[in-house]
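# Understanding the architecture of this molecule
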Number of protein chains: 2
Amino acid sequence: MTGPRPETGEKTGSMPNASAPEMLEAKLWGNPCPFAFRLNYLALLYNTPLYEWIRDSYGLSRPEYVVLYSLALADGGSARDVSRTSGFPKNTLSRAIKRLELMGLISPREKAPGGGRKQALHLSRKGWALFEETRPAFEAQEQRMLTALSEGERQILSELMSKVVLAAREWAGELPAETRLVTPGEEQQ
Amino acid sequence: MTGPRPETGEKTGSMPNASAPEMLEAKLWGNPCPFAFRLNYLALLYNTPLYEWIRDSYGLSRPEYVVLYSLALADGGSARDVSRTSGFPKNTLSRAIKRLELMGLISPREKAPGGGRKQALHLSRKGWALFEETRPAFEAQEQRMLTALSEGERQILSELMSKVVLAAREWAGELPAETRLVTPGEEQQ
DNA sequence: TCGGTCAAGTTCAATTTGGAACTCAGAAGT
DNA sequence: ACTTCTGAGTTCCAAATTGAACTTGACCGA
């Protein structure tokens, strides 16, 4: 998604502070898709330092941690469930799950090798411990992100975004045909 | 973002429709970071079909199109500006820019090879044409995404998100030390 | 019960990605 | 003017990502 990056201050450039003010202003105020930009930009600023930290401190990749987190919220979920709710392709998750199992963070799936249908995944005690240990950092980052808003504003923001999410089946998925067909010259390259 | 995915309906699993209701419900209503989840989920649902379409129709990768789009909004910006406002690492963008130049979508940078300091980038006529041709699809997707909201609600949503973005320098960047130090066992793996 | 269809999960291979090291142009300091 | 410092952009290469094909269990209808 999306997103990837820095740490000590100058690796990728996702640092919000200092400069790039021109382009940032343009993307904020002169953007034909202002909402989409805010979405992506905030997601980036939120995710980047957290997953960087997870990687450096625990040696877990982003998809791996996403699986852990997903199972902590919905124990017994399948790889497919995680894929649907996180956007990672299923083969990436397959590998992530295998490694989590190897690391002892997911309890071993009985009978599976070969590719069975719908496997319910469960965190091991160690997996739960890791989740509990790391959760506060995610919560803290969310709180930090929202400090600019009052309690009431957060309420409203949450409500509006929920509305958009709940209507997702109406708008997400494939692009409408008319949109796609705007392009006469398909298939170059 | 980071982000990536489906098309004909069953490639990655980011399809919002049909199933995974359990886990989706849990992530929506039982999440310690509800705002962050909505952010990521919406960004995913928005980006995925668009960049899929860009790739299939124009042969441009996501970072490549991001550079194009960024320059369309802020002509004369540098690679670093794009990196700061998009989150892609600079080497990825360096490659993207090189290819865009090769494809004739970016006007050739005079004197550069070797690595000069701060190069102002400009779209070529062809680059502008491609942007204008593809922009409607992005706008349409944003509109589709917001259909669930009234005009007033969109106004409020935009305002609240802007607030959070503008306060970014306060909260984004490195994780606060206390948060990081929660972990006693650093450096495994 | 058999054959057919579907989809979850895996494997493989080719591409893409991004961390690290490097080059080098301006800026800063003396 | 000379040296040092800073940081934008590039190159390299190991690692991660993912599209495509495959395997296999589950479900369905006759």
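Here the structure is shown first, and the text comes after it.
The structure contained in this document is the topic of the report that follows. All values reported here derive from a predicted model rather than from experimental measurement.

Across its full length, chain A carries nine helices and zero strands. In chain A, which comprises 189 residues, the proportion classed as buried is 54%. Contacts in chain A between residues at least 24 apart in sequence constitute 58% of all its contacts with a sequence separation of at least 6. For chain A, the exposed surface amounts to about 8,600 Å²; the carbon and sulfur share of it is 54%.

Let's shift gears to helix H3 (residues 62-73) of chain B. Taking 1.5 Å of rise per residue, 12 residues should cover 16 Å, and H3(B) covers 16 Å from first to last C-alpha, within 8% of that figure. Within H3(B), 12 of the 12 residues are buried, which leaves it mostly tucked inside the rest of the structure. Buried residues belonging to H3(B) abut helix H1 (21-29) and helix H2 (34-58) of chain A together with helix H2 (34-58), helix H4 (79-86), helix H5 (90-102) and helix H6 (125-146) of chain B.

The subject of this paragraph is the side chain of B:Ser162. Turning to its location among the elements, B:Ser162 is positioned in helix H7 (residues 151-166). Residue classification places B:Ser162 among the buried positions, given a relative accessible area of 7%. There is a polar contact of 2.9 Å between the side chain of B:Ser162 and the side chain of A:Arg38. Contacts of B:Ser162, omitting those with residues within four sequence positions, involve A:Trp29 and A:Arg38.

Turning our eyes to something else, we now look at the environment of B:Met161. You can see B:Met161 is positioned in helix H7. Leaving out residues up to four positions away in the same chain, B:Met161 has contacts with A:Phe35, A:Arg38, A:Leu39, A:Leu42, A:Leu157 and B:Leu39.

Parameters at a glance
- Residues numbered from 1 in each chain as written.
- Chains lettered and ligands numbered in written order.
- Predicted model: local features only at pLDDT ≥ 70, side-chain atom pairs only at ≥ 80, totals over all residues.
- Heavy atoms only, no water.
- Helix = DSSP H or I, 4+ residues; strand = E, 2+ residues; numbered from the N terminus.
- Buried < 20%, exposed > 50% of the residue type's maximum accessible area, 1.4 Å probe, protein only.
- Contact = heavy atoms within 4.5 Å.
- Areas by Shrake-Rupley, 256 points an atom, 1.4 Å probe, with all protein chains shown as cover.
- Expected span 1.5 Å × (residues − 1).
- Polar contact = N/O pair within 3.5 Å; in protein donor to acceptor, adjacent residues only side chain to side chain.

Purely spatial values, then, with no claim about function.
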